[in-house]
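# Observations on chain architecture
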Amino acid sequence: MSDPQAAWQKWLNSLDMPRKAAAESLRAQFSTLGVANSLDLIKSEVMEDLPQLARFVLLRSLWHGAIDGWTESDSLDQLPAAQRLRAAGADKEDLVRLVRAVAYEAVFATLYGLDAGGDVNVSGVQANWVVMESCEGDSPTGRAMSGLHEDLLSLDPSGGEGADLWQ
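Notes on the structure in this doc start here.

Conventions we followed
- Residues numbered from 1 in each chain as written.
- Predicted model: local features only at pLDDT ≥ 70, side-chain atom pairs only at ≥ 80, totals over all residues.
- Heavy atoms only, no water.
- Helix = DSSP H or I, 4+ residues; strand = E, 2+ residues; numbered from the N terminus.
- Rg over C-alpha atoms; globule rule 2.2 N^0.38 Å.
- Buried < 20%, exposed > 50% of the residue type's maximum accessible area, 1.4 Å probe, protein only.
- Areas by Shrake-Rupley, 256 points an atom, 1.4 Å probe, with all protein chains shown as cover.
- Lys, Arg positive; Asp, Glu negative; His and termini not counted.
- Charge placed at Lys NZ, Arg CZ, Asp CG, Glu CD.
- Core = buried A, V, L, I, M, F, W, Y, C linked by side-chain atoms within 4.5 Å.
- Contact = heavy atoms within 4.5 Å.
- Phe/Tyr/Trp six-rings, centres within 6.5 Å; stacked < 30°, edge-to-face > 60°.
- Arc of directions from axis to C-beta.
- Axes fitted to C-alpha atoms, helices over the stretch in contact; angles between N-to-C directions.
- Left-handed = near helix turned anticlockwise from the far one by under 90°.
- Polar contact = N/O pair within 3.5 Å; in protein donor to acceptor, adjacent residues only side chain to side chain.
- 1 Å grid on protein atoms, 1.4 Å probe; cavity = no way out; pocket = protein on both sides within 12 Å on 5 of 7 lines; lining within 4 Å.
- Points joined across faces, edges and corners; volume = space filled by probe spheres on them.
- Salt bridge = Lys/Arg side-chain N within 4 Å of Asp/Glu carboxyl O.

### Looking at the overall build of the protein chain
Helix and strand content of the protein chain: 7 helices and 2 strands. Mapped in sequence order, the helices and strands of the protein chain form the string α-α-α-α-α-α-β-β-α. Taken over the C-alpha trace, the protein chain has a radius of gyration of 20 Å; the compact-globule value for 167 residues is 15 Å, which it surpasses by more than 25%. Seen through its principal axes, the protein chain has C-alpha atoms that stretch 65 × 50 × 30 Å. Out of the 167 residues in the protein chain, the part that is buried amounts to 30%. Here the protein chain displays about 10500 Å² of accessible surface, and carbon together with sulfur accounts for 54% of that area. Once the 13 positive and 25 negative side-chain charges of the protein chain are each reduced to a mean point, those two points are 4 Å apart.

Structural data, given as structure tokens:
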């Protein structure tokens, strides 16, 4: 088995100074986010100019807020329909799993639509879009964040790739 630290150092030593500085900055930021094995993401951002850090932060925030936010103790209690279902004997864990699964599907469908770059069901209308990384001051960097829906499951904070949603 290869040593991740040795692989990191070997790759880092192969870079010119600007890329080396970018790689070290990215490693520190991924580390702050709790990502232990970020070498592939950093390589992709530095060498392929793909906004991997921005993708990671966006997808992780969607998991924490829109999907896993329903696990907070009183989130479900705010929904009158959930209150009625609980009063009728529904299991709270099942309801939480249900709303998380629905939230996941809504997030996935939204990301899929954003990734499509336009409405494939409409013809004759020139309305397209792109999701783009921005820097400080909200200025676009010019680096598009595409394929977001493809990585949503892999960023499940539990590490289970959403398996618990369909139990």
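### Quick word on the nonpolar core
In a soluble, globular protein the nonpolar side chains are often hidden away together inside. The biggest cluster of nonpolar side chains holds 27 residues, and the ones touching the most others in it are W8, W11, A23, F30, I42, W63 and L152. The residues contacting L152, other than those within four sequence positions of it, are L59, W63, Y104, V107, F108 and L111. Membership of the second largest hydrophobic core comes to 5 residues, among which are L76, A82, L95 and V99.

### Points about the packing of aromatic side chains
Evaluation of the coordinates by the stated rule reveals 6 aromatic pairs. Consider the rings of W63 and Y104, whose centres lie 5.9 Å apart with planes at 40°: the pair is tilted. Residue W63 is located in helix α4 (residues 52-67), and its partner Y104 is located in helix α6 (residues 92-116); the two are separated by 41 residues in the primary sequence. You can call W63 buried: its relative accessible area is 0%. Following the ring pairs from residue to residue traces out a cluster consisting of W63, Y104, F108, Y112 and W166.

### Re unusual backbone geometry
Comment: phi is negative for the bulk of residues other than glycine, and the bulk of peptide bonds are trans. Phi angles above zero are rare outside glycine, and D49 is one such case at about 60°. Residue D49 is classed as partly exposed on the basis of its relative accessible area, which comes to 46%.

### Side note on helix α1 (residues 4-13)
Those residues of α1 lying buried are W8, W11 and L12. Seen end-on, α1 carries its buried residues on one side only, within an arc spanning 100°. Exposed residues on α1 whose side chains face more than 90 degrees from its buried face are K10 and N13. Buried residues along α1 sit in contact with α2 (17-32) and α3 (39-48).

### Remarks on the packing of α4 against α6
Axis separation between α4 and α6 bottoms out at 10 Å; the angle between their running directions is 140°. Between α4 and α6 lies a crossing whose hand is right-handed. Packed against α4, whose contacting residues are L59, L62, W63, A66 and I67, the element α6 presents R100, A103, Y104, V107 and L111 at the interface.

### Looking at the side chain of E133
Relative to the assigned elements, E133 resides in strand β1 (residues 132-134). In terms of polar contacts, E133 uses its side chain to reach the side chain of T141, at 2.8 Å. Only 2.7 Å separates the side chain of E133 from the side chain of R143, close enough to count as a polar contact.

### Thoughts on the layout of surface pockets
If a probe as big as a water molecule is rolled over the atoms, it shows which places are left empty. Quantified by volume, the largest pocket comes out at close to 230 Å³. Lining the largest pocket are 14 residues, with V35, L41, F56, S154 and L155 positioned closest to its centre. Top element by residues in the lining of the largest pocket is α4. It accounts for 5 residues.

### With respect to the pattern of salt bridges
If you walk through the whole model with that rule in mind, you get 8 salt bridges. Here E45 ties to R143 by a salt bridge, and the two come within 2.7 Å at their closest N and O atoms. In this pair, E45 sits in helix α3 while R143 sits in strand β2 (residues 140-144), placing the two residues 98 residues apart along the sequence. Considered together, E45 and R143 belong to a single accessibility category, that of buried residues. Across the pair R55 and D151 runs a salt bridge, and its minimum N-O distance is 2.2 Å. Residue R55 is found in helix α4, and its partner D151 is found in helix α7 (residues 148-151); the two are separated by 96 residues along the sequence. By relative accessible area, R55 is classed as buried at 8%. Three or more residues joined by partner-sharing salt bridges are found here, namely E45, D49, E133 and R143.

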